[in-house]
Structure formats: C-alpha cells, structure tokens
Amino acid sequence: MQTSSIYLQNLTDKDYLKLYYFMSLMRQFENSILNLYRQGRIVGGVYSGMGNEATAIGSAFALDSNDYLFPMHRDSGAHFVKGQNLRTMMLQYLGRADSPTKGRDGSGHYADPILRIYGNISHLGAMIPVAAGVALAIKYRNEKSVVLNYIGEGGSNVGDFHEALAFSSVLKLPLILIIENNQYAYSTPVYKQTIARQFSDRAIGYGIPGVTIDGTDVLEVYSVCKEAVERARRGKGPSIIESVTMRMQGHAAYDDAWYVPKSELEKWRQKDPIERYESLLFDKKILNESIKNEILNKINSEIQDALNFALNAPLPKPSEDLFKVFLEKD
Amino acid sequence: MPVMTYIEAISRGLWEEMERDESVFLLGEDIGTYGGAFKVTKGFLERFGENRVIDTVIAESAIVGAAIGAALVGLKPIAEMQFADFVTNAFTQLVNNAAKTFFRWNIPLPMVVRLPSGGKIHGGPFHSVNPEAWFFHVPGLKIVAPATPYDAKGLIKAAIRDPNPVLYIEHKFLYRNIRGDVPDIDYVLPIGSADVKRIGNDITLITYGSMLHWSLKAAERLYAEYGTEVEIVDLRTLMPLDKTTIFESVKKTGKVLIVHEDTVTGGIGAEISALINENLFEYLDAPIIRVGALDAPVPYSPPLEDYFLPDENKIYNALKILKEY
Ligand SMILES: Cc1ncc(C[n+]2csc(CCOP(=O)(O)OP(=O)(O)O)c2C)c(N)n1
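Everything numeric in this text was worked out from a predicted model, so none of it was measured.

Concerning the interface of chain B and chain A
Turning to step 1, where the next piece is worked out: Contacts between the two partners involve 30 residues from chain B, matched on the other side by 38 residues from chain A.
Turning to step 2, where the next piece is worked out: Summing the contributions of chain B and of chain A, the shared interface buries around 2800 Å²; its carbon and sulfur component is 65%.
Turning to step 3, where the next piece is worked out: Of all residues in chain B, the largest losses of buried area upon contact with chain A belong to B:Tyr34, B:Ile58 and B:Tyr300, amounting jointly to 26% of the total for that side.
Turning to step 4, where the next piece is worked out: Across the contact surface, chain B and chain A share one salt bridge.
Turning to step 5, where the next piece is worked out: Taking the shortest distance from any N to any O, the salt bridge between A:Lys192 and B:Asp55 comes out at 3.6 Å.
Turning to step 6, where the next piece is worked out: Where chain B touches chain A, the interface holds eleven residue pairs in polar contact (both at pLDDT 80 or more).
Turning to step 7, where the next piece is worked out: With five residues, the single largest contributor to the side of chain B that touches chain A is helix H11 (residues 302-308) of chain B.
Turning to step 8, where the next piece is worked out: Counted by class, the side of chain B that touches chain A contains 19 nonpolar, seven polar and four charged residues.

So this is what it looks like as structure tokens:
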C-alpha cells in the first residue's frame, strides 16, 4: 500500500475543509452526547470517540454513496460523512419516538438502508460476518460497491473476526476491516490483548493485505483506506488496516479511566488528530482564522439545532405495535 | 449480623471460597486490575495474584472452553461473562461440551459461569438479557438465580463446590439496590432447594431473581387491601427445580401465579405450569397465570422498557384475578 499517497492528489481544497469540518463536528457531537449523559438525559452506556476522529472520518471519506458502512461504537463521525444528519443521530441517542429505531435501541445501533449505514450490536465482532454477507451480495450481483467495517483491537480477539476473514478472503469479497487500535479495551491494555508485533500481521494468515497506519493522521487514513477500497472494487478481495490511536476518554462515560497513566494521555494529546490537521491546513493556507471560525460557528449552530429538536421530541409511547418482532405480510 | 448489598455478598462468597480452596480461580474480561465491570472482584488480584485472577482477552468461547478444560483436570474455574448477554458467544462450549461431559465421559466438571443479567438498567437489547431459558432446556447444566444477599453468598459457595457446571445468574438491578443480613460464617445453601419467602394459604406465587422483590411488595399490598395471604416460593435454583416445595405450596392454596422477568413464551414458568398441571390438576381452583416480560427483545428507551418489564402492578393485578376467581 505504498502507492496510496496518489489519492491525496485528487483532493481539492474543498475536500480538505470537509475533512476538517467532519472531524470537528464529530468532536462537538461527542461532547454534547457526554453532556447529555451527565445531565441524565441519555441513559445507559455512552462511548466516546474522542481521539478517533481522524480514523472515523478519513476512512468513511474514502467511500462513495453506493458503498456500505458498518461503524462501531467510536465512529459517530463516520455516520455524518456517510450522510446521516445530526437531528436523526440526536433522536437516536436520546431514545426518542421518531428515531430510526423508535426508541427500541439507542446510540449508533440503527440501520439506514438508504444511506447504507448498518450500526453495530454490542457483541464485539458480531458485525464482521454480517458485513461479509453484504460484501457477498455485492459480488453476487456483480456490483461495484464495497463494505467498510471497524473493530477494536480488543474485539478483534472474538472468534467472529477470524471466521469472517477466513470466509471473505477465500471468496475475495469487497470488505475493508479497520482495526481501531486505541491502546485500551475497557481497562485492558493492548499488550494484554496480543503479544504479536502488530494486529495487521493477522492479514498474513488470510493471505490478504494488512497495514498499520497512524490513526491520528486523517490524510494517511484516507489515502490508505482509499487504496483498499479501490482494490476491493476491482474484485481483489478484503484488506485489514490497523489504525493506531488513543482512546482519550474512559471506556464509557461512567469510567474515569484511572488505570490509564496520565503521561500516556499527555503523549497522545500532543498528537490530537484535529489540532494536527488544523496546523497542516494553516501551513497549506487552506485554513485561516476566519474560515476556521466560520466552520466552528456553523457546527455550533447545527449542534444547537439538533439538540433543541431532539430534546423537544417526544419519547416513545408504548404500544403493542412497537413490540412486533415479525413483519406481517398483508 | 453484617448487612451487605447483594453484590458484596457475591464477592464475599467468592473470596471465602478462594481462601478455602487453592484450586478455585477466576477468569474473565477486566476482572483483575479493574475488579470487573461491576466491581464484583475488586481487590481479588491484589490478594490472590495473577495466577488465580486472570484478565483474559475478549473471547467468551475461549473463556468458557478454557474453564471446561481446567475443570476436566481438577481445577475449579469461575468464569465471568461481563454481561450475561455475551454468553451467546460461548454457546457451543456450554451446550455441547460442558453439558455433555459427565454424561459421555463420567468425569466431574466443577465449574461456574457467572452471568450478570437482567433489565431495568437501561442497557437496551444487548445488555439486559435474562438468559436462563436458553440453558434450562439443556440437560446437564445446573442453574441458580439468587434474589437476596443471604442466598447469593450461600449459592455462590454451593455452585463452586458442586462437581457439575453451574450457571450462576446474578441480577444487575439487585447488585446495589438490595441489602440484607449475611452471616460472617462459612455457610453453603443446597442447590435444588427453593425457599418460602412469605407464608400464606390463599395463592402460591412462584418466582426467582429480581421479581421476588416486586412480588413481595404486590403481596403486601393485596394483603393490606383484602387480607388475602399470598405464599411466595423463591425458587433460588432453576435447574434442578425443587418440585417438593412447589407442590406442597400449590396443594395448600390451589391457585398459582408464576412470575419472572424473562419473556413469557418458553420461559421457566411454562415448565412449572406444565409440572403442576401434570401432577396437581385436581388441586387447582383456578387457571395458572404467568407474568413475565413481553415476547420481544429488551427495548432501550425508558418508557418502552418500563412497559416491557413485569412490575409490582402487573403482579398485583394478576394476584387480584386469582383472588377473585
Ligand atoms: C463479545 C463481547 N464481549 C464483551 C463485551 C463487553 N465490552 C464492550 S466494549 C469492550 C472493550 C472493547 O475494546 P475494543 O474492542 O478494543 O474497542 P474500544 O472500546 O477500545 O474502542 C468490552 C469488553 C462486548 N461488548 N462484546
């Protein structure tokens, strides 16, 4: 995957700014979700994608509208890149009646067949075989789409990971799997999840490409993913991309991550994906203070709008209809 | 006598068994350094060391499978599922290996799988399951489901000392919401023995786990309003069922309500109802009624979850129907 940088040549200034917009939007969205949790307005588990912006945005940006996205719990920004709107996401996180799941499930656990987004279930790894199935359907119908799926480094130890990759590599399915190596799986540090040098080496066992990248560099993420996407589109089969980042918050909102050394967080804070990218854009003269303010103001008002909208939206009213588990043919 | 929460009682029982028997050890995700997602094993790593408190990779099938292997050769593993929901990933190991080992090989399999279960914590469809019925149908797996701190300690000790695979179902809502007396002594409760938590002559209410507490409230309300005396049988063990205690109570009252938090269809209540029907038909004065969750996954949004779960009111209403029958 050394040729990937050619994909950067095709990016326009507008694209560069879009990446910046989506990364900043993701961070603001995550902040407001955390606030809603602290105010008791979102109940249950709230998982933050802080630190994961470059990975979620750069990867989803490599997709076309006909491609499929199977995001995980720290990939909120990928939903936005794929076209999901803030109001819908807010309704979904707040368990409202008009959310995609009508309150039956929360967080990113929804599906939007039109945007081709299929959210995760909690069971780690369980979506990889399903993503492989969508990839199978693409091949079956001779279409050109691809499927992008994510898994944490911890979740990559679940058996489904292996079965899905064995399955899709042999069938050469158009599947790209990003292993988000953010150093911790809940409280468990990465060295207790593998003694291998890197997670991408697993690809060797399946005979597919595997690469480890800096997950805080949105352009590297984008270009490497784009290459894997194009490869899959050409019928060459799946790839694994290990994106190395840091989980900058606790496992969930209730967890203060006391087990993460402060120095480790400090080290990663120097590589904040958004700040890094911002200074690059300043250097390239694509971004300046006034454009930056314009973008951030736009995000603030979009978030405010979504919050107002979703907080005023009704909670679901229980009815038998809402509990149907079968589609009835008429 | 010390008063403890339900979760403290489980920890206490585990701790005492680890002190008592060096072959007892723990394995699971985040149970060591972190002390477990719910802090059941907080402080265990410091006391018992890495050899006996094993932080594993995220791999439920390997966790349960390895527990089976260790038990085969004489250790006494206690595997923790971070949430009961994730035990589905270990289905083959439990249903095909653990459950069939003694039958095929005549080798004891002293292992425990701890299953933090149940709803009312806004966990949604993947963090709220009541898994008992999945395994109740499988010959070869014991299932206990304590409802009080006293029973929680006595039954975790019994589960550990039992020479068979035991699924220990611990309800997450009870963890910190229920307190009770727990003797500071080494007591072990028999597996397979129910406990009458309230004595009465008019209606038998059979339940277990979280629903014991709502059942007690509903029974008190019915008594306060109508003087009807409900007898509450807390099963404590689901497999094997304590038919003697169930039957004695039903013979006395002739009216039966079965309550569980799990969904109704194909649940534990169906088996109990069938048993009573087969054995005590002539004693019955009313149809047996079941109260449980709706036949659907556990929903996330609080108004839906409240509607979905059985509660004091639903139990009370069912008791009233039986009273008036
Ligand atoms: C099969 C399964 N086992 C356990 C869990 C509980 N759990 C939820 S997230 C998590 C840690 C995940 O770590 P990782 O995959 O590295 O992703 P991260 O949260 O760090 O992004 C665990 C153990 C689960 N969701 N699914």
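Brief notes about helix H2 (residues 13-38) of chain A
Turning to step 1, where the next piece is worked out: Counted at 1.5 Å a residue, the expected span for H2(A) with its 26 residues is 38 Å, and the 38 Å between its end C-alpha atoms agrees.
Turning to step 2, where the next piece is worked out: Downstream of H2(A) by a residue or two, A:Gly40 has a phi angle that is positive, lying close to 75 degrees.

Structural notes on the sheet that holds strand S13 (residues 256-263) of chain B
Residues and elements named next belong to chain B.
Turning to step 1, where the next piece is worked out: Strand order in the open sheet formed by five strands is S9-S11-S10-S13-S14, and the pairing between neighbours is mixed. Looking along the sheet, the strands with just one partner apiece sit at the ends: strand S9 (195-198) and strand S14 (289-293). Geometrically, the sheet is characterised by an average inter-axis angle of 25 degrees between neighbouring strands, direction not taken into account.
Turning to step 2, where the next piece is worked out: Taken together, the three bridges between S9 and strand S11 (residues 230-234) define a ladder with antiparallel strand orientation. In the sheet register, Arg198 faces S11, and the bridge partner there is Ile232.
Turning to step 3, where the next piece is worked out: The strands that helix H8 (residues 211-226) touches are S9, strand S10 (203-207), S11 and S13; relative to S11, the one it contacts most, it runs at about 170 degrees.

With respect to the domain arrangement of chain B
All names here are of chain B.
Turning to step 1, where the next piece is worked out: According to the domain assignment, chain B contains domain 1 (3-181) and domain 2 (195-324).
Turning to step 2, where the next piece is worked out: Each of domain 1 and domain 2 has a C-alpha centre, and the two are 26 Å apart.
Turning to step 3, where the next piece is worked out: Opposite the 26 residues of domain 1 that make contact, domain 2 presents 27 residues.
Turning to step 4, where the next piece is worked out: Summed over both partners, the interface of domain 1 with domain 2 comes to about 2200 Å²; 63% of that surface belongs to carbon and sulfur atoms.
Turning to step 5, where the next piece is worked out: Contact with domain 2 buries surface across domain 1, with Lys120, His122 and Phe136 losing the most and accounting together for 27% of the total.
Turning to step 6, where the next piece is worked out: Of the charged contacts in the structure, one is a salt bridge between Arg236 and Asp151, with a shortest N-O distance of 3.0 Å.
Turning to step 7, where the next piece is worked out: Across the contact surface, domain 1 and domain 2 share 13 residue pairs in polar contact (both at pLDDT 80 or more).
Turning to step 8, where the next piece is worked out: Sorting the residues of the side of domain 1 that touches domain 2 by element identifies helix H5 (132-136), strand S6 (142-144) and helix H6 (149-161) as the ones contributing at least two each.
Turning to step 9, where the next piece is worked out: Looking at the side of domain 1 that touches domain 2, its residues break down into 14 nonpolar, eight polar and four charged.

Remarks on a nonpolar patch on the surface
Turning to step 1, where the next piece is worked out: A contiguous nonpolar surface patch, about 350 Å² in accessible area, is contributed by A:Leu136, A:Phe167, A:Val170 and A:Leu171.
Turning to step 2, where the next piece is worked out: Accessibility expressed as a relative area gives 36% for A:Leu136, which makes it partly exposed.

Regarding the nonpolar core
Turning to step 1, where the next piece is worked out: Grouped together as the largest cluster of nonpolar side chains are 128 residues, with contacts concentrated most on A:Phe29, A:Met90, A:Phe161, A:Ile241, A:Tyr277 and B:Leu14.
Turning to step 2, where the next piece is worked out: At 13 residues, the largest contribution of residues to this core is made by H2(A).
Turning to step 3, where the next piece is worked out: Leave out the neighbours within four places in its chain, and A:Tyr277 touches A:Tyr16, A:Leu19, A:Tyr20, A:Met23, A:Val218 and A:Leu219.
Turning to step 4, where the next piece is worked out: Ranked by size, the runner-up nonpolar core spans 47 residues in total, among them B:Ala70, B:Val87, B:Val95 and B:Leu109.

Comments concerning the packing of helix H3 (residues 53-60) of chain A against helix H9 (residues 218-233) of chain A
Residue and element names in this part refer to chain A.
Turning to step 1, where the next piece is worked out: Viewed as axis vectors pointing N to C, H3 and H9 meet at an angle of 35 degrees, and their least axial separation amounts to 8 Å. At the point where H3 passes H9, the crossing takes the right-handed sense. For the pair formed by H3 and H9, the contact residues are Ala54, Thr55, Gly58 and Ser59 on the first element and Val218, Val221, Tyr222 and Cys225 on the second.
Turning to step 2, where the next piece is worked out: Considering only residue class, the contact of H3 with H9 consists of five nonpolar, three polar and no charged.

Regarding the site of the ligand
Turning to step 1, where the next piece is worked out: In the vicinity of the ligand lie 20 residues, with A:His73, A:Arg74, A:Gly155, A:Tyr184 and B:Glu60 positioned nearest.
Turning to step 2, where the next piece is worked out: At the site occupied by the ligand, the surrounding residues belong to chains A and B.
Turning to step 3, where the next piece is worked out: With respect to the ligand, the backbone of A:Ser122 contributes an N or O atom lying 2.8 Å from a nitrogen atom.
Turning to step 4, where the next piece is worked out: At a separation of 3.0 Å, an oxygen atom of the ligand approaches a polar side-chain atom of A:Asn182.
Turning to step 5, where the next piece is worked out: Relative to its free-state accessible area of 580 Å², the ligand is covered by the protein chains to the extent of 98%.

Looking at the packing of aromatic side chains
Turning to step 1, where the next piece is worked out: In total, this model carries 24 aromatic pairs over all chains according to the counting rule given.
Turning to step 2, where the next piece is worked out: Pairing B:Trp15 with B:Phe44 gives two aromatic rings, centres 5.0 Å apart and planes at 85 degrees, and the pair type is edge-to-face. Separated by 29 residues along the polypeptide, B:Trp15 in helix H1 (residues 6-20) and B:Phe44 in helix H2 (residues 44-48) bring together distant segments of the chain.
Turning to step 3, where the next piece is worked out: Clustering of aromatic rings is evident, with ring pairs tying together A:Tyr184, A:Tyr186, A:Trp258, A:Tyr259 and B:Tyr34.
Turning to step 4, where the next piece is worked out: Residue placement shows B:Lys120 over the ring face of B:Phe173; its charged tip is 5.7 Å from the ring centre.

Focus on helix H7 (residues 159-170) of chain A
Residue and element names in this part refer to chain A.
Turning to step 1, where the next piece is worked out: Between its terminal C-alpha atoms H7 stretches 17 Å, which fits the 16 Å expected from twelve residues at 1.5 Å a residue.
Turning to step 2, where the next piece is worked out: Every buried residue of H7 is accounted for by Phe161, Ala164, Leu165, Ser168 and Ser169. Summarising the axial view, the buried residues of H7 lie within an arc of 120 degrees, below the 170-degree limit, and thus occupy one face. Turned more than 90 degrees from where H7 packs its buried face, Glu163 and Val170 sit exposed.

Parameters and conventions
- Residues numbered from 1 in each chain as written.
- Chains lettered and ligands numbered in written order.
- Predicted model: local features only at pLDDT ≥ 70, side-chain atom pairs only at ≥ 80, totals over all residues.
- Heavy atoms only, no water.
- Contact = heavy atoms within 4.5 Å.
- Buried area = accessible area lost by both parts, 1.4 Å probe.
- Salt bridge = Lys/Arg side-chain N within 4 Å of Asp/Glu carboxyl O.
- Polar contact = N/O pair within 3.5 Å; in protein donor to acceptor, adjacent residues only side chain to side chain.
- Helix = DSSP H or I, 4+ residues; strand = E, 2+ residues; numbered from the N terminus.
- Nonpolar A, V, L, I, M, F, W, Y, C, P; charged D, E, K, R; others polar.
- Expected span 1.5 Å × (residues − 1).
- Pairing = 2+ DSSP bridges.
- Axes fitted to C-alpha atoms, helices over the stretch in contact; angles between N-to-C directions.
- Domains from an automatic or database assignment.
- Patch = residues over 30% accessible without salt bridge, like charges linked within 9 Å, V, L, I, M, F, W, Y side chains within 5 Å.
- Areas by Shrake-Rupley, 256 points an atom, 1.4 Å probe, with all protein chains shown as cover.
- Buried < 20%, exposed > 50% of the residue type's maximum accessible area, 1.4 Å probe, protein only.
- Core = buried A, V, L, I, M, F, W, Y, C linked by side-chain atoms within 4.5 Å.
- Left-handed = near helix turned anticlockwise from the far one by under 90°.
- Near = heavy atom within 4 Å.
- Phe/Tyr/Trp six-rings, centres within 6.5 Å; stacked < 30°, edge-to-face > 60°.
- Lys NZ or Arg CZ within 6 Å of the ring centre and 35° of its normal.
- Arc of directions from axis to C-beta.

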